[in-house]
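Letter by letter, the chains look like this.
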Amino acid sequence: MIARGCRLIAIACAAVCVAGCDWMPGRPTQAEMPLRPSAITDFARLYGENCAGCHGVDGKLGPAIALNNPVYLAIVDDAAMHRVIADGTAGTAMPPFAGAQGGNLTDQQIDIVVAGIRKQWSGDKSVGAGAPPYSSNSPGDSNRGGQVYAANCASCHGADGKAGNAGSIADASFLALVSNQNLRTIVIAGRPDFGHPDWKSYSARQALTAQQVSDVVAWIAAKRPASMLSALSAAQH
Amino acid sequence: MAVMQRIKAVGAWLDERLQLGSTIAEVAEHPVPRSSASWWYIFGSATLVVLIMQIVTGICLATVYTPAANGAWESLIYLNYQQPLGWYIRALHGWGSNFMVALMLVHMVQVFLFGAHKYPRELTWVAGIVLLLCTLGMAFTGQVLRFDQDAYWGLGIGASIAGRSPLIGPKIVDLILGGPIIAGETLSRFFALHVFVIPGLLLAFVGLHLFLVLRLGINEWPMPGRIVTREKYRQQYKELVQRDGEPFFPFAAQKDIVFAGLIILSLVVVAAVMGPIGPGGQPDPTIIQTVPRPDFFFLWLFSVFALLPPWTETFLMLVGPPIAIGLLFAVPFLSGTGEKSWRARPFAVVIVTLILLAIGTLTWLGTYSPWSPQMEAWTEAPVPPDYLKGRTPLELQGAILIQYKQCRNCHSLGGQGGMRGPALGDTAARLTRDEIIRQIVQGGGNMPAYGKNLSPAEVNAIVAFLGTMHPANEPPARDSAKPAEPAASQ
C-alpha cells in the first residue's frame, strides 16, 4: 500500500515537473511585468491613471466634460485634443500632462490617449454630422446671443442665466473658472451623460447654427465680471 | 545481492574511519521525555527544514542573480519571465522566507510559554535570539537584493535611521551603503551579507542551538507546581528521562517529520499559487510614482516609525531597538527559575498576548497606511456619479477643483482617496457653509491652510460642491446661532 502511495506521489510530482509551470496560477504573466511609467502604452491604464479622476470612468459621468460623446469627438480633431492634453488649458483646472510642461506623460503616450479616446468612444459618427465647428474666429454678437439664450437655454438655466433647475451659468465664480472654448464645447456637444442637450436638441424646431453658437457663447462670456476678464484672457493667450 | 554487499563493505570501511554511525545513532536515539513528543514541540525542526529549503533555493538563485546595481533587477526579470521555472524558485525562496519567520516566531512563543528558556537552557534561548536576528537580517538583506523600488526606498529609510546616530551617523551610513549614497557598492555589500556573512553566522548558531538541545535534553512538558531550581533540576530531568523516556527517533521525530512534510507541501503549493514576490518597478530614484512598502514582517516597524510623534523619533529609533533586543536576550536571566507552565505564569501570557496584538495591529495598519496621502488619487479616483447628477455648473466646477487641487489625496470620496482627513461624503451634514470656508481657507486640525492657493472663485466653487455633500435623509448642518426655519409641513 505504502509503496503504491509513494509511486502515485512520485508520478504526480513528475507530471507537475513535465507539465511545467504554464498552468500554475502563480506564474507571472507578461502583463504583470513592471514597467517604467513612461513605457506604459495601454490606453485603459493611461486613461484610468491620468484622466478618469475628472472625466469619469468610461469617459462619462465625471465632473469635467464627457469624452465619451460622439458629438464632441466629431467636432474636435486629434491635434486639438493632443494640444489640450499636452499643454492643459491655462486658467482652468485642465492641467498640462506633457513631460516638458511638468506632467507625467510622453508625447507618444498622449497620442495613445487621443487615439484610444477616438477609437473607443467615437460611436455613431452620423450623430455629429453638421455640427458647428469646434472653434470659431468670428466673435459672436452678445445681443443676438441673448435672444438665442432666451429661446434655447432659459428654460433650464433661468431667465438671464441667474437660476433655473439646472443652475446658473451666469455665476461669476463659474465663469471665472471656465474658458470660452469650454462653454462653446458644451453648447455644441452637450453633456449627454447628465441629460444636457447638444446643439440640435435645444429646440424641437431647429438646431443652433454656428453663428448662434458663437453668439450665445459671447453673451454668456459677457456676463463674466470685468475683474476676472483680464486674468483669464491673460492666462489663455 | 553482490552489489548490496559491495555497498555495505564500502559503508563499513568508511564508518570504521569516520565513526559516523555511532554518532548518528547516539543523536537519534538519545532519550527524550515521553511528554515532549508532542505536537507542540515541532516548530523548531520545521524552521530548520525551511532553512535547508532556503539554502537550496538560494544557491539556485545565486547561479543566475547579478549582484550589480545595473543588472540585479534585470536578472530577476529574466528569472521571472524567461528562465524556465525561474519564477518558481524565486517564489519558493520568497515565501520560504515568510514561512521561516512565521515558524520561528511560533517556535519562540511556544518556548517562552512552556518555560523552555529557564535553567539550564538560558544559552539555548540566547542562541535562538541570535538566530532570530540573523533571520530578520536575511529577510532585510534579501529584500534589498530584490533591488526594486521597495528595496531602494527601504534601504534609503534604513540608512537615514542609522544616519541619525550622534557623531558616528555618517560613518555608519558609509559602512552600510559603501558610500554616502545608494550605488553599485551598496548592492555588493548586501550580497556579501546575504550570501556569506549572515548565513555563516546562522549556520554556526544553528549548530550551537542544536548541540545545546542535544546536550541539555528537550524541555519536558511543563506542569504547574513543578518548580525549576538550580540545585535540583538536572537530577530531576535525568530521573524523568530514565523513568519515562523514549528514544528521540522515531518516537518524537515522527511528529517532526510529518509536520515538516506538511510545511514543505504548503510552501510548494503557496509558491505555485501566489507566485514570486516582486520585483516591483525599477530602482530608479527619478521615478516618483511609487508607493514603497517594506516586506510583510517589517510592516509593523514601518507603522511604528510612521506613527511616532516627530519629537520622539530620533530617540526612540536609536534607543528602542537596542533595548528591545537587550530585553529579548535578558529573558532567561530575568526569569531563569521557578514555574515553567504558562498556566502558572499569567504575567508571561499577558505580555505575549499584548506584544502579538500590538504587532498584529501595527502590521494591519501598515498594509494600508492611512497616514500616507494617496498621491495619485486626484487623477485616478473618479468622483462617484451620484455626487454629480443634478448639480449646477458651479458645483460641477467645484467637483473638478476637488480633484485638481488634490483634495482627494488626503480626503476620500465614495471610499476612494486618502485617509488623512475625514471623508468628504457628509461634509455638509457636519459643517455649515461658513465653517467649510473657514476650514479650507485657514486650515485647522491636521489640515494646512489653502487660502493662498485658491482664488475666491475656486473657494466658491468647492464650497458650492461640498454644500451638496449630505446624505439624502439628513439635512445640511445649520448655524446654531440662527433660528431654525419652520418645517414646511407645520
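Remember, it's a predicted structure, so these values are computed and weren't measured experimentally. (Residues numbered from 1 in each chain as written. Chains lettered and ligands numbered in written order. Predicted model: local features only at pLDDT ≥ 70, side-chain atom pairs only at ≥ 80, totals over all residues.)

### Describing the overall build of chain B
Move 1: Looking only at helices and strands, one finds 19 helices and 2 strands in chain B.
Move 2: Here the C-alpha radius of gyration of chain B, 30 Å, is well above what a compact globule of 490 residues would show, namely 23 Å.
Move 3: Once local pairs closer than 6 in sequence are excluded, the contacts in chain B between residues at least 24 apart make up 79%. (Helix = DSSP H or I, 4+ residues; strand = E, 2+ residues; numbered from the N terminus. Rg over C-alpha atoms; globule rule 2.2 N^0.38 Å. Contact = placed C-beta atoms within 7 Å.)

### A short note on the overall build of chain A
Move 1: The helix and strand inventory of chain A stands at 12 helices and 0 strands.
Move 2: Reading chain A from its N terminus to its C terminus gives the helix and strand order α-α-α-α-α-α-α-α-α-α-α-α.
Move 3: Summarising the internal contacts of chain A: among those between residues at least 6 apart in sequence, 67% fall at separations of at least 24.

### Let's talk about the environment of Thr106 of chain A
All names here are of chain A.
Move 1: Its location among the elements puts Thr106 in the loop between helix H5 (78-87) and helix H6 (107-121).
Move 2: Sequence separation between Thr106 and Ser38 is 68 residues; the distance between their C-alpha atoms is 6.4 Å.
Move 3: Setting aside its immediate chain neighbours within four residues, Thr106 contacts Ser38 and Gly99.

### Description of the domain arrangement of chain B
Move 1: For chain B, the domain assignment lists domain 1 (16-368) and domain 2 (377-466).
Move 2: Relative to domain 2 of chain B, the C-alpha centre of domain 1 of chain B lies at a distance of 47 Å. (Domains from an automatic or database assignment.)

### Remarks on the interface of chain B and chain A
Accessible area lost during the coming together of the parts is what is often quoted as the interface size.
Move 1: Chain B puts 44 residues into the contact, and the matching count from chain A is 39 residues.
Move 2: When residues of the side of chain B that touches chain A are traced back to their parent elements, those giving at least two are helix H4 (72-81), helix H5 (86-113), helix H11 (248-274), helix H15 (377-380), helix H16 (393-404) and helix H19 (456-466) of chain B.
Move 3: Among the elements that line the side of chain B that touches chain A, the one with the most residues is H16 of chain B, at 10 residues.
Move 4: Of the residues assigned to the side of chain B that touches chain A, the class counts are 28 nonpolar, 11 polar and 5 charged. (Nonpolar A, V, L, I, M, F, W, Y, C, P; charged D, E, K, R; others polar.)

### What about helix H6 (residues 122-145) of chain B?
Move 1: Compared with the 34 Å implied by 1.5 Å per residue over 24 residues, the 34 Å span of H6 of chain B between its first and last C-alpha is a close match.
Move 2: Backbone geometry just downstream of H6 of chain B places Phe147 of chain B in the positive-phi region, at approximately 45 degrees. (Expected span 1.5 Å × (residues − 1).)

### Describing the nonpolar core
Soluble globular proteins tend to pack their nonpolar side chains together in the buried interior.
Move 1: In terms of nonpolar packing, the biggest core is built from 75 residues, with Tyr72, Val216 and Val217 of chain A together with Ile400, Ala461 and Ile462 of chain B touching the most fellow members.
Move 2: Contact partners of Val216 of chain A, with chain neighbours within four places excluded, come to Gly145, Val148, Tyr149 and Val187 of chain A.
Move 3: Counting 69 residues, the second-largest nonpolar core is a separate cluster that includes Ala72, Val144, Phe191 and Val331 of chain B. (Core = buried A, V, L, I, M, F, W, Y, C linked by C-beta atoms within 7 Å. Buried ≥ 20, exposed ≤ 12 C-beta atoms within 10 Å, placed from the backbone.)

### A short note on helix H12 (residues 299-307) of chain B
Move 1: Along H12 of chain B, the residues that are buried comprise Leu301, Phe302 and Ser303 of chain B.
Move 2: In this structure, the buried side of H12 of chain B is in contact with helix H14 (346-368) of chain B.

### Some details on the domain arrangement of chain A
Move 1: Looking at chain A, the domain boundaries give domain 1 (39-127) and domain 2 (142-236).
Move 2: In the side of domain 1 of chain A that touches domain 2 of chain A, the residues fall into 7 nonpolar, 4 polar and 1 charged.

### Let's talk about unusual backbone geometry
Move 1: The omega torsion across Phe249 of chain B and Pro250 of chain B is 0 degrees, close enough to zero to call that bond cis.
Move 2: Examined against the element boundaries, Pro250 of chain B turns out to sit in helix H11.
Move 3: Each neighbour pair has its own omega, and for Gly278 of chain B with Pro279 of chain B the value is -5 degrees, a cis peptide bond.
Move 4: Following the sequence through the fold, Pro279 of chain B ends up in the loop between H11 and H12.
Move 5: A positive phi angle, close to 65 degrees, is found at Asp58 of chain A, a residue other than glycine.
Move 6: Residue position: Asp58 of chain A is located in the loop between helix H3 (52-55) and helix H4 (70-75).
Move 7: Residue Asp58 of chain A is classed as partly exposed on the basis of its 16 C-beta neighbours within 10 Å.

### Here's the deal with the packing of H12 of chain B against H14 of chain B
All names here are of chain B.
Move 1: Orientation of H12 relative to H14, taken along the N-to-C sense of each, is 80 degrees, at an axis distance of 7 Å. Between H12 and H14, the angle is such that the two are roughly perpendicular. Between H12 and H14, the residues in contact are Leu299, Trp300, Phe302, Ser303 and Val304 and Ile359, Leu362, Thr363, Leu365, Gly366 and Thr367, respectively.
Move 2: Of the residues belonging to the contact of H12 with H14, the class tally is 7 nonpolar, 4 polar and no charged. (Axes fitted to C-alpha atoms, helices over the stretch in contact; angles between N-to-C directions. Parallel < 35°, antiparallel > 145°, perpendicular 65-115°, else oblique.)

### Description of the packing of H6 of chain B against helix H9 (residues 184-216) of chain B
Each pair of packed helices can be summarised by the angle the axes make with each other and by the distance between the axes.
All names here are of chain B.
Move 1: Relative to each other, H6 and H9 sit at 160 degrees, their axes nearing to 9 Å. Taken together, H6 and H9 sit at an angle that is classed as roughly antiparallel. As H6 runs across H9, the sense of the crossing is left-handed.
Move 2: Taken together, the residues that form the contact of H6 with H9 break down as 20 nonpolar, 7 polar and no charged. (Left-handed = near helix turned anticlockwise from the far one by under 90°.)

### Details of the confidence of the model for chain B
Move 1: Of the residues in chain B, 99% reach a pLDDT of 70 or more, and the chain-wide mean stands at 92.
Move 2: Looking over chain B, one finds the lowest element-wise mean pLDDT in helix H2 (residues 20-29) of chain B, namely 88, and the highest in helix H3 (residues 43-62) of chain B, namely 97. (pLDDT = per-residue confidence, 0-100.)

### Topic: the environment of Leu105 of chain A
Residues and elements named next belong to chain A.
Move 1: Of note, Leu105 is situated in the loop between H5 and H6.
Move 2: Here Leu105 falls in the buried class, since 23 other C-beta atoms lie within 10 Å of it.
Move 3: With 70 residues separating them along the chain, Leu105 and Leu175 place their C-alpha atoms 29 Å apart.
Move 4: Beyond its immediate sequence surroundings of up to four residues, Leu105 is in contact with Asn50, Phe97, Ala98, Gly99 and Ile110.

### A look at the environment of Arg191 of chain A
All names here are of chain A.
Move 1: Counting through the fold element by element, Arg191 comes out in the loop between helix H10 (180-189) and helix H11 (210-222).
Move 2: You can call Arg191 partly exposed: it has 19 C-beta atoms within 10 Å.
Move 3: Between the alpha carbons of Arg191 and Pro63 there is a distance of 10 Å; along the sequence they are 128 residues apart.
Move 4: Setting aside chain neighbours within four positions, we find Arg191 in contact with Ala66, Ile186 and His196.

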